[in-house]
Each structure stands twice: as structure tokens, then as C-alpha cells.
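Structure assessment
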Amino acid sequence: FQPKSLAGKNILVTAGPTFEAIDPVRGITNLSSGKMGFAIARAAREAGGNVTLVAGPVSLPTPRGVTRINVQSAQQMLEATVPQAQLADIFIATAAVADWRPAQASDQKIKKDGSGNTPQMSFTENPDILATVAGSERATSGALFCVGFAAESHDLLAHAQAKRIRKGVPLLVGNIGPATFGADDNALLLVDAATTVEVPRASKLELARHLIAEIARRL
Ligand code: C5P
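Residues numbered from 1 in each chain as written. Predicted model: local features only at pLDDT ≥ 70, side-chain atom pairs only at ≥ 80, totals over all residues. Heavy atoms only, no water.

Digging into unusual backbone geometry
A positive phi angle, close to 50°, is found at Asp-155, a residue other than glycine. Assignment of secondary structure puts Asp-155 in the loop between strand E9 (145-151) and helix H5 (156-167). (Helix = DSSP H or I, 4+ residues; strand = E, 2+ residues; numbered from the N terminus.)

Following this line, the structure appears as C-alpha cells:
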């Protein structure tokens, strides 16, 4: 009998975009498909973990055996994630969280005024879910291993190294371009304090299995 690498571990994953309301029928979102996060949740479950997936609005089936919590906004994602992180051994933040939200969502649909005037909108910064969780006592004491992702258009290595330190996480995973939103494959750059390892182009599920093995090895 070969014990599974994450047997008995609680793994928390965020995935997908967030949706920030402007009014009851409109909002701001991004092109994240959620595929990488869902693949990671599936791979973590295959490795024997108890997996909770906090998902923004995506149209993907829940991986078998995974507990899913659906959210829309960054604020809701934070509120769902923080209590779950208290129980988790591993937190993997793959969600493409909106950096900003409209400062005030209208509770009624905003109407055209007929004179060509356009609505003026101001924004508020969203909470950084990964930095919040990585700064918690459970993470800083070493009980919770946090993993961040980075999607950059240029200088991936330098940005990934800087982001790892800024977010306060032991492992940062860079998406090797070109932009991978919606694609079924990708290539990854795993950056920790000591090493940088490139995982060559493969399906998101194969990459997810590789990443889970790397995380299990570091626990
Ligand atoms: O700062 P940036 O958005 O590039 O950082 C990306 C990493 O931080 C990803 O792991 C993402 O899931 C996480 N993140 C977060 N909350 C935010 C912004 C990013 O958890 N508000």
C-alpha cells in the first residue's frame, strides 16, 4: 500500500475570476477560466487531500470529491476563504481577484439619461486574499503552507521572485506566457527561496499533479 502524498491534509484552493458589481445587472470581471485552480483541486483530491475550492463565477464542473463554495466578489471570496484557512494545511491561491471594485455599487440599474452623459465611476482597492492568509498566525507559524500564482506579461522571473517575498509565501508559481486564460495547457515556473524550476508545457491537469507533488515534498 502506497500512502497518498496528501492523505489527511486539508487543502484550500481559490479559483476563477471575481465579479465586482456596478449595479444589479452589470459588473467588472476578467477572463480567468478557473481551469488551473480546478485542475489543482482535482490533483489535490487525487493525492488524498480533503479539498475545499472557493470558486468565482466560472462554468466548470466541480471535481469529484471536492467541496465547492461559490462566490462572486473579492470581498465574498475573502470572507469564504479566511475561516477555511484556519482549518487548512495548504492554501493555493489561483484566483484572478479583481484589484479594484466600484466604490459604490448602485442598488438600481443605472439608466441612460438621454443626453449622452456617461456615468463617472470611482474605485476602491480590494483586499489581497493571499497576503491576508499568508500573514495569519497559522501561516507565519508554519502550520499553513501558502502558494501564490503570478501572471505577468514580461520579466516573469524577477516579478515572481519579488511577488513571493511581497506576498510572504514560501512558493510562488509563475504562468509562463503567452497569456494562458482559457487555454488547456500552460508551462510553469516554480520559485521558492532557494531554487527556480521550470515545468515544461503540458496540460493544466499534468501541471497541477506536478505542483501538488512539489508541495507535498516541501511539507
Ligand atoms: O498581486 P497579484 O494579483 O499579481 O498576485 C497574484 C496572486 O495573489 C495570486 O495567487 C492571486 O490568487 C492572489 N491574489 C489574492 N487576492 C488579491 C489579489 C491577488 O489572493 N486581491
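Points about H5
One turn of an α-helix holds 3.6 residues; hence residues three or four places apart share an orientation. Helix length check: H5 (twelve residues) gives 16 Å between terminal C-alpha atoms against 16 Å at 1.5 Å per residue, within 8%. Those residues of H5 lying buried are Leu-156, Ala-160, Lys-163, Arg-164 and Lys-167. An end-on view of H5 places all buried positions within 105° of arc, on one side of the element. Exposed and oriented more than 90 degrees from the buried face of H5 are Ile-165 and Arg-166. Elements that come into contact with the buried residues of H5 comprise helix H3 (129-134), E9, strand E10 (171-175) and strand E11 (185-192). (Expected span 1.5 Å × (residues − 1). Buried < 20%, exposed > 50% of the residue type's maximum accessible area, 1.4 Å probe, protein only. Arc of directions from axis to C-beta. Contact = heavy atoms within 4.5 Å.)

So, the nonpolar core
Counting residues in each nonpolar core, the largest one holds 34 residues, and the members touching the most others are Ile-40 and Ile-92. Sorting elements by how many residues they give to this core places helix H1 (residues 35-46) first, with seven residues. Those residues within four positions of Ile-92 in sequence are excluded, and the remaining contacts are Ile-11, Leu-12, Val-13, Thr-14, Ile-40, Val-147, Phe-149, Ile-212 and Ile-215. In terms of nonpolar packing, the next biggest core, distinct from the first, is built from 25 residues, Ala-85, Leu-130, Leu-144 and Leu-189 among them. (Core = buried A, V, L, I, M, F, W, Y, C linked by side-chain atoms within 4.5 Å.)

Overview of the site of the ligand
In the region of the ligand, the neighbouring residues are Ala-93, Thr-94, Ala-95, Val-97, Pro-127, Asp-128, Ile-129, Leu-130, Gly-148, Phe-149, Lys-163 and Lys-167. Contact between the ligand and Ala-95: an oxygen atom at 2.6 Å from a main-chain N or O atom of the residue. One of the backbone N or O atoms of Ile-129 is found 3.0 Å from a nitrogen atom in the ligand. Across the complex, the protein chains shield 85% of the 450 Å² of accessible surface that the ligand would expose by itself. In this structure the site holding the ligand corresponds to the largest pocket. (Near = heavy atom within 4 Å. Polar contact = N/O pair within 3.5 Å; in protein donor to acceptor, adjacent residues only side chain to side chain. Areas by Shrake-Rupley, 256 points an atom, 1.4 Å probe, with all protein chains shown as cover. 1 Å grid on protein atoms, 1.4 Å probe; cavity = no way out; pocket = protein on both sides within 12 Å on 5 of 7 lines; lining within 4 Å. Sits in = over half its atoms within 2 Å of the grid points.)

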